[in-house]
Amino acid sequence: QVRLTESGGGSVQAGGSLRLSCAATGRYFNGYALGWFRQAPGKEREFVASIGWSDRETAYTDSVKGRFTISRDNDKNSVYLQLDSLQLEDTALYYCAGRIGLSAYTSSSEYEYWGQGTQVTVSS
């Protein structure tokens, strides 16, 4: 019933920035916790960042702390991920995920709805 669609990926040089967007359709968006995950070729899906039903609670994996920022705009039914100081290791397919809940969940198994992903490629 809930559908998530990511956009904003692209190819950038190391040190550059991108802003990823995830637009949601469906009801009860304000009551959803939202997260971003990524998966590089040959690697498992990795947690990146998440935000609770309000923006009071956020979580980040250590490798992106201080470089990425997650935010949401409930009026637009959207969640964003600002990627700054991009590194080669950030290259991956980035997924938006959501679930009904209060917290900034960090495990992929805790999310019910997933987008199809948007590619981020960082070159040296």
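What counts and how
- By convention here, each chain's residues receive numbers from 1 onward along its written sequence.
- Given that this is a predicted model, residues contribute local features only at a pLDDT of at least 70 and side-chain atom pairs are listed and counted only at 80 or more, while totals for whole chains, interfaces and linings are drawn from all residues.
- With hydrogens and water set aside, each side-chain value is computed from the structure's full complement of heavy atoms.
- Two cysteine sulfurs form a disulfide in these notes if their separation is within 2.5 Å.
- Secondary structure counts use DSSP, requiring at least four H or I residues in a row for a helix and at least two E residues in a row for a strand, with both numbered from the N terminus.
- Exposure categories follow from relative accessible area, calculated using a 1.4 Å probe and restricted to protein chains: below 20% of the type maximum is buried, above 50% is exposed, and the middle band is partly exposed.
- Between rings of Phe, Tyr and Trp, where Trp is taken as its six-membered ring, a pair exists when centres lie within 6.5 Å; planes separated by under 30 degrees are stacked, by over 60 edge-to-face, and by other angles tilted.
- Only strands that DSSP links by at least two bridges are regarded as paired with each other.
- The working definition used for a salt bridge is a side-chain nitrogen of Lys or Arg within 4 Å of a carboxyl oxygen of Asp or Glu.

**Q** Sorry, what's going on with the state of the cysteines here?
**A** When the sulfur atoms of two cysteines share a covalent bond, that bond is a disulfide. Overall, the coordinates contain 1 disulfide when judged by the stated rule. Disulfide pairing places C22 opposite C96 at an S-S distance of 2.2 Å. Across the disulfide from C22 to C96, rotation about the S-S bond amounts to roughly -80 degrees, and the bridge is consequently left-handed. Of this pair, C22 sits in strand 3 (residues 18–25) while C96 sits in strand 9 (residues 92–100), placing them 74 residues apart in sequence. Each member of the pair C22 and C96 is classed as buried.

**Q** Honestly, the packing of aromatic side chains in this entry has me stumped. Any pointers?
**A** The description of an aromatic ring pair uses the distance of the two centres, along with the angle that the planes make with each other. In this structure the tally under the stated criterion is 7 aromatic pairs. Between Y32 and Y113 the ring centres are 6.1 Å apart and the planes differ by 50 degrees, which places this aromatic pair in the tilted class. Placement of Y32 in strand 4 (residues 32–39) and of Y113 in strand 10 (residues 113–114) is noted, with a sequence separation of 81 residues between them. Comparing Y32 with Y113 shows no difference in burial state: the two are buried. Centroid distance F37 to F47: 5.7 Å. Interplanar angle 70 degrees. Geometry classified as edge-to-face.

**Q** Teacher, can you tell me more about the pairing of strand 8 (residues 78–83) here?
**A** Regular strands place side chains that alternate from one sheet face to the opposite one. Within strand 8, 5 of the 6 residues are buried, which leaves the element mostly enclosed by the surrounding structure. Of the pairings in the sheet, the one linking strand 3 to strand 8 comprises 6 bridges and is antiparallel in character. Bridging from a neighbouring strand, L18 pairs with L83 of strand 8. Bridge analysis of strand 7 (residues 68–73) against strand 8 gives 6 bridges, and the strand direction is antiparallel. Note on strand 8: the bridge partner recorded for F68 is L83. In this structure, the hairpin formed by strand 7 and strand 8 is closed by a connection of 4 residues, where N77 is found at a positive phi of approximately 50 degrees.

**Q** Sorry if this is basic, but what is going on with the pattern of salt bridges here?
**A** A side chain with one charge can pair with a side chain of the opposite charge if their charged atoms come near. One pass over the structure, following the stated rule, counts 3 salt bridges. The salt bridge involving D90 is made with R38; its shortest N-O contact spans 2.9 Å. In this pair, D90 is assigned in the loop between strand 8 and strand 9 and R38 in strand 4, connecting sequence segments 52 residues apart. As far as burial versus exposure is concerned, D90 and R38 are alike and both buried. Its salt-bridge partner being R67, residue D90 comes within 2.8 Å of it at the nearest N-O pair. Here D90 is found in the loop between strand 8 and strand 9, whereas its partner R67 is found in the loop between strand 6 (58–60) and strand 7, with 23 residues between them in sequence. For D90, a relative accessible area of 1% corresponds to the buried category.

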